[in-house]
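Single-letter residue listing:
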Amino acid sequence: VFTLTVDASGHVTMTELRGVKEATASLGDTSEGVSLSSGLVSVTATVTDNDGDTAKASIDLGSQITIHDDGPAISATGTAPTLSVDESFIPGIGSVGGGGGNVATGDFSANFAVIAGADGQSGSVAYSLTIGNTTTNLVDAKTGQTVMLAQNGAGEVDGYVTINGVQTNVFTLTVDASGHVTMTELR
């Protein structure tokens, strides 16, 4: 996991070879550190005089050794897929009727560059949908109401209007475990 060496002039070198577990997990790489416990390793200097007498002194290296965490990194990259639906295909109300044109799916997984870091990756990348603002720029054609957004678990966002006190979905966005986002237009 690491090596410690000392040369004849008293220079101590630490070389880290593998990641170690720090005490806390954090969102993002905060480079939190963990130190070696006291009393485990010391650097000792020994002096010998001309008739063979010796003297020694030691410095505990525990608090002098710190390993800083390397957290994972992820970034959005490339050109994301476009989800395009057609009102003509909304079942029961569109001029063409059912047929799938009111559903669009795109694979967004390729648009994330993942670097696991020195500690390695446990499991796969998790995808979720998040809302930045609940009010959209969309207007429901039948009611004239502004379409609002509601979080429906980590994997679904609903665009809705309220009709007679009931949330009525205009569209849904879902994301699955593999990063595929699906938009389904309902109104």
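Keep in mind it's a predicted model, so treat the numbers as computed, not measured.

## As for the overall build of the protein
And step 1. When helices and strands are tallied, the protein shows zero helices and 14 strands.
And step 2. Counting helices and strands in the order they occur from the N terminus, the protein gives β-β-β-β-β-β-β-β-β-β-β-β-β-β.
And step 3. Compactness check: the protein gives a C-alpha radius of gyration of 30 Å against a globular reference of 16 Å for 187 residues, more than 25% above the reference.
And step 4. Reported as C-alpha extents along the three principal axes, the dimensions of the protein are approximately 105 × 30 × 20 Å.

## Focus: unusual backbone geometry
And step 1. The phi dihedral of Asn 164 falls on the positive side, at around 55°, and the residue is not glycine.
And step 2. Residue position: Asn 164 is located in the loop between strand E12 (156-163) and strand E13 (166-175).
And step 3. Look at Asn 164 and you get exposed, because its relative accessible area is 78%.

## Brief notes about the pattern of salt bridges
And step 1. According to the stated counting rule, one finds one salt bridge in the structure shown.
And step 2. As a salt-bridge pair, Asp 140 and Arg 187 come within 2.9 Å of each other at their nearest N and O atoms. Of this pair, Asp 140 sits in the loop between strand E10 (135-139) and strand E11 (146-151) while Arg 187 is found in the segment after strand E14 (180-185), placing the two residues 47 residues apart along the sequence.
And step 3. On the basis of relative accessible area, Asp 140 is assigned to the buried category, the value being 5%.

## Observations regarding the packing of aromatic side chains
And step 1. For the structure on display, the rule yields one aromatic pair.
And step 2. Aromatic side chains Phe 112 and Tyr 127 sit 6.0 Å apart centroid to centroid with 55° between the ring planes, which places their arrangement in the tilted category. With Phe 112 in strand E9 (residues 112-115) and Tyr 127 in the loop between E9 and E10, this residue pair connects regions lying 15 residues apart in the sequence.
And step 3. Note on Tyr 127: relative accessible area 22%, which makes it partly exposed.

Cut-offs used in this document
Residues numbered from 1 in each chain as written. Predicted model: local features only at pLDDT ≥ 70, side-chain atom pairs only at ≥ 80, totals over all residues. Heavy atoms only, no water. Helix = DSSP H or I, 4+ residues; strand = E, 2+ residues; numbered from the N terminus. Rg over C-alpha atoms; globule rule 2.2 N^0.38 Å. Buried < 20%, exposed > 50% of the residue type's maximum accessible area, 1.4 Å probe, protein only. Salt bridge = Lys/Arg side-chain N within 4 Å of Asp/Glu carboxyl O. Phe/Tyr/Trp six-rings, centres within 6.5 Å; stacked < 30°, edge-to-face > 60°.

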